[in-house]
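Take a look at the letters that make up each chain.
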Amino acid sequence: MRIIYGLLFCILFITGCAEQSNPSPEESSNATTSSNEQQVVASQLQTPWAIEQVDETIYLTERPGNIVEISDNGELTRKPVEFMDDLAGEPESGLLGIAFPNDFTTSNRAYIYYSYRNNNGNFQRITTISEQGESWVEEEILLDEIPGGTYHHGGRIQFGPDNLLYITVGDASEPELAQNLDSLAGKILRMNPDGSIPENNPFDNSYVYSYGHRNPQGLAWDEKGELYATEHGNSALDEINLIEPGSNFGWPVIEGDETGENMVSPIIHSGEDTWAPSGMEFANDVLYFSTLRGESVKSYNPGDNEVETILEDEGRIRDVKYGNNGLYIITNNTDGRGDPSDNDDRLLWIPLEE
C-alpha cells in the first residue's frame, strides 16, 4: 500500500496546481547567509513537511507517512507511522503536522495531523501516536472527519503558550465552507490535549478559534503571546494575519486590501507577488516564514512593516524552526512542484544575527 500511495502521490502532484488588507510591505533582498555559512544537516528526505525539536533531537514528518529523527550527533533514523486508515493521495495531503507535549520524554506521546481515505471520501484527522520500536503507532483519534478536498488541507498543529493545541485547516477546495461556522474547513482550531473543546473558545461547543481562512499553514506566537498565521492567497495576495479569537478573516468574500463588515484584513500581504507561505517562527523580535512559490525564507518585522529575504536559491521551502541560534529549514523540491537535485529534499541550518 505504501508503494501504491507513493505512485499516486507523485502523479497527482505533477498534475496539481501551484500552492498558493493593508498595503503590501516594502520587500528587499538582503540575504543574511551565504553558502559557506549554512549547514546541510540531512539530505535525500522524502517530501518533508514539519520540523520539531525535543531536547537535542530533531523530528521531521514526511508526507508519505514517516517520521525522521536526527540525533545531536547527526544520526538519522526513519520510522513509518502505522495508520488506522490509508493515507490520502491528493495533492497537498499526507502526513502533515506534528506536535510534542512538554511531557513527551515520559509519556512517549505525540500529536499528528494527517489526510486519510475511506469509503466516504477524503478527510483529515488529529490523533495521538507513540513510538514503539521501529515504528510509530496511532493510538487515539481526537478529532475526525475534518473536510478534505483536492487541495487546501492546512496541516499545522502546534502547542501554544497556553499549552493548548492550535490547528490550521484549509477550505478543502470549497471556499464557501470558510464562512460556515458549522464546518471545520477554512478555520484555525483550538483544542485541549485530551481532544475536548476549551471552555473559553470564542464559539460555544466549537473547536473554531478563527474563520474565513483559505489555506493557513504557519503559526507563531510573539513574546507577548500574540498569535500570527501565514495563509495562501488566491494565486497572489498571500497573507500574514494577526489572529484574534472569534475573528473572521474574510475568505472568500474579501482579499488583500478589501474590507468587509466584521471582517479582518491581513497585517501584510504579498500584493501581485506569490509567496505561498508555509511554516513560520518568531525569534529575535521578527517573524521568519518559509515560502514555496517564493522559494525563499523571509523575515517580517511588525515594527517597521518590512519584509526581507534572508535565504534563497534553495528551491521551495516548507518549514522553519528556530534552534541553536539559527534557523532549521526544510526544502520541498520533491513534492512534484519543484526541481529536485540528487540530494533533495534537505534539512538546512543557517545562523541568525542576534
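Residues numbered from 1 in each chain as written. Predicted model: local features only at pLDDT ≥ 70, side-chain atom pairs only at ≥ 80, totals over all residues. Heavy atoms only, no water.

Chemist: Explain the overall build of the protein chain here, please?
Modeler: Scanning the protein chain from N- to C-terminus turns up two helices and 26 strands. When burial is assessed residue by residue, the protein chain has 59% of its 354 residues classed as buried. Entry remark: accessible area of the protein chain is about 14100 Å², with carbon and sulfur atoms responsible for 43%. (Helix = DSSP H or I, 4+ residues; strand = E, 2+ residues; numbered from the N terminus. Buried < 20%, exposed > 50% of the residue type's maximum accessible area, 1.4 Å probe, protein only. Areas by Shrake-Rupley, 256 points an atom, 1.4 Å probe, with all protein chains shown as cover.)

Chemist: I tried to follow the pattern of salt bridges on my own but got confused; where do I start?
Modeler: What the rule picks out here adds up to 14 salt bridges. Between Glu62 and Arg78 there is a salt bridge, with the nearest N and O atoms lying 2.7 Å from each other. Here Arg78 lies in strand β6 (residues 76-82) and Glu62 lies in strand β4 (residues 57-62), a separation of 16 residues in the sequence. Judged by its relative accessible area of 0%, Glu62 is buried. (Salt bridge = Lys/Arg side-chain N within 4 Å of Asp/Glu carboxyl O.)

Chemist: How should I be thinking about the packing of aromatic side chains in this particular structure?
Modeler: The geometry of an aromatic ring pair is captured by two quantities: the separation of the ring centres and the angle between the planes. Following the criterion strictly, the structure yields 13 aromatic pairs and no others. Residues Phe83 and Tyr114 carry aromatic rings whose centres are separated by 4.6 Å and whose planes lie at 50° to one another, so their mutual orientation is tilted. Taken as a pair, Phe83 in the loop between β6 and β7 (86-87) and Tyr114 in strand β9 (residues 109-118) lie far apart in primary sequence, 31 residues in all. Per residue, the accessibility class of Phe83 equals that of Tyr114, and both read buried. A centroid spacing of 5.4 Å and a plane angle of 90° characterise the contact between Tyr166 and Tyr209, whose relative ring orientation is edge-to-face. Of this pair, Tyr166 sits in strand β13 (residues 165-169) while Tyr209 sits in strand β15 (residues 208-211), placing them 43 residues apart in sequence. Both residues of the pair, Tyr166 and Tyr209, count as buried. (Phe/Tyr/Trp six-rings, centres within 6.5 Å; stacked < 30°, edge-to-face > 60°.)

Chemist: What exactly am I supposed to notice about the pairing of strand β23 (residues 306-312) here?
Modeler: Side-chain direction in a regular strand flips from residue to residue, so the side chains alternate between the two faces of the sheet. Bridge count for strand β22 (residues 296-301) against β23 is six bridges, and the pairing is antiparallel. The residue bridging Ser296 from the neighbouring strand is Glu312, located in β23. Here β22 folds back onto β23 in antiparallel fashion, the turn holding four residues, of which Asn305 has a positive phi close to 60°. (Pairing = 2+ DSSP bridges.)

Chemist: Even after reading the chapter, I still don't get the nonpolar core, so can you show me in this structure?
Modeler: Across soluble globular proteins, nonpolar side chains show a tendency to be buried alongside one another. Of all hydrophobic cores here, the largest spans 38 residues; its most connected members are Ile126, Trp136 and Ile167. In this structure, Ala283, Ile317, Leu348 and Leu352 belong to the second largest nonpolar core, which totals 13 residues. (Core = buried A, V, L, I, M, F, W, Y, C linked by side-chain atoms within 4.5 Å.)

Chemist: Just to check I follow, could you spell out the environment of Gln124 for this structure?
Modeler: With respect to the helices and strands, the residue Gln124 is situated in strand β10 (residues 121-132). Here Gln124 falls in the buried class, since its relative accessible area comes to 1%. Linking Gln124 and Tyr114, residues 10 residues apart in sequence, is a C-alpha distance of 5.5 Å. Aside from chain neighbours lying at most four places away, what touches Gln124 is Tyr113, Tyr114, Ser115, Tyr116, Leu143, Asp144, Glu145, Ile146, Pro147, Gly148 and His153. (Contact = heavy atoms within 4.5 Å.)

Chemist: Can you help me understand the sheet that holds strand β24 (residues 317-323) in this one?
Modeler: Within a sheet, adjacent strands bond to each other through the backbone by hydrogen bonds, running parallel or antiparallel. The strand order across the open sheet formed by four strands is β2-β26-β25-β24, and the pairing between neighbours is antiparallel. Each of the sheet's edge strands pairs with one partner strand only, and the pair in question is β2 (39-42) and β24. Pairs of neighbouring strands in the sheet enclose a mean axial angle of 30°, with direction left out of account. Summarising the sheet, β24 and strand β25 (residues 326-331) pair through six bridges and their orientation is antiparallel. Within the sheet, the bridge partner assigned to Ile317 lies in β25 and is Thr331. (Axes fitted to C-alpha atoms, helices over the stretch in contact; angles between N-to-C directions.)

Chemist: What is the right way to look at a negative patch on the surface in this model?
Modeler: On the surface, Glu295, Glu312, Asp313 and Asp339 cluster together into a patch of negative charge. You can see Asp313 is positioned in the loop between β23 and β24. (Patch = residues over 30% accessible without salt bridge, like charges linked within 9 Å, V, L, I, M, F, W, Y side chains within 5 Å. Lys, Arg positive; Asp, Glu negative; His and termini not counted. Charge placed at Lys NZ, Arg CZ, Asp CG, Glu CD.)

Chemist: Is there a simple way to explain the sheet that holds strand β19 (residues 268-269) in this structure?
Modeler: A sheet is described by the order of its strands in space; here four strands give the open sequence β16-β17-β18-β19, paired in antiparallel fashion. Edge positions in the open sheet fall to β16 (216-221) and β19, since each of these has one partner strand only. Two strands pair when backbone bridges link them, and strand β17 (residues 227-231) and strand β18 (residues 239-243) are joined in this way by five bridges, in the antiparallel orientation. Bridging across to β18, Glu231 finds its partner in Glu239.

Chemist: Looking at this model, I keep getting lost on the environment of Arg78. Mind explaining?
Modeler: A residue is classified by how much of its surface remains accessible, and Arg78, at 31% relative accessible area, is partly exposed. For the pair Arg78 and Ser135, spaced 57 residues apart in sequence, the C-alpha to C-alpha distance is 8.5 Å. Excluding anything up to four places from it in sequence, Arg78 contacts Gln44, Leu45, Gln46, Glu62, Asn66, Ile67 and Val68. In terms of polar contacts, Arg78 uses its side chain to reach the side chain of Glu62, at 2.7 Å. (Polar contact = N/O pair within 3.5 Å; in protein donor to acceptor, adjacent residues only side chain to side chain.)

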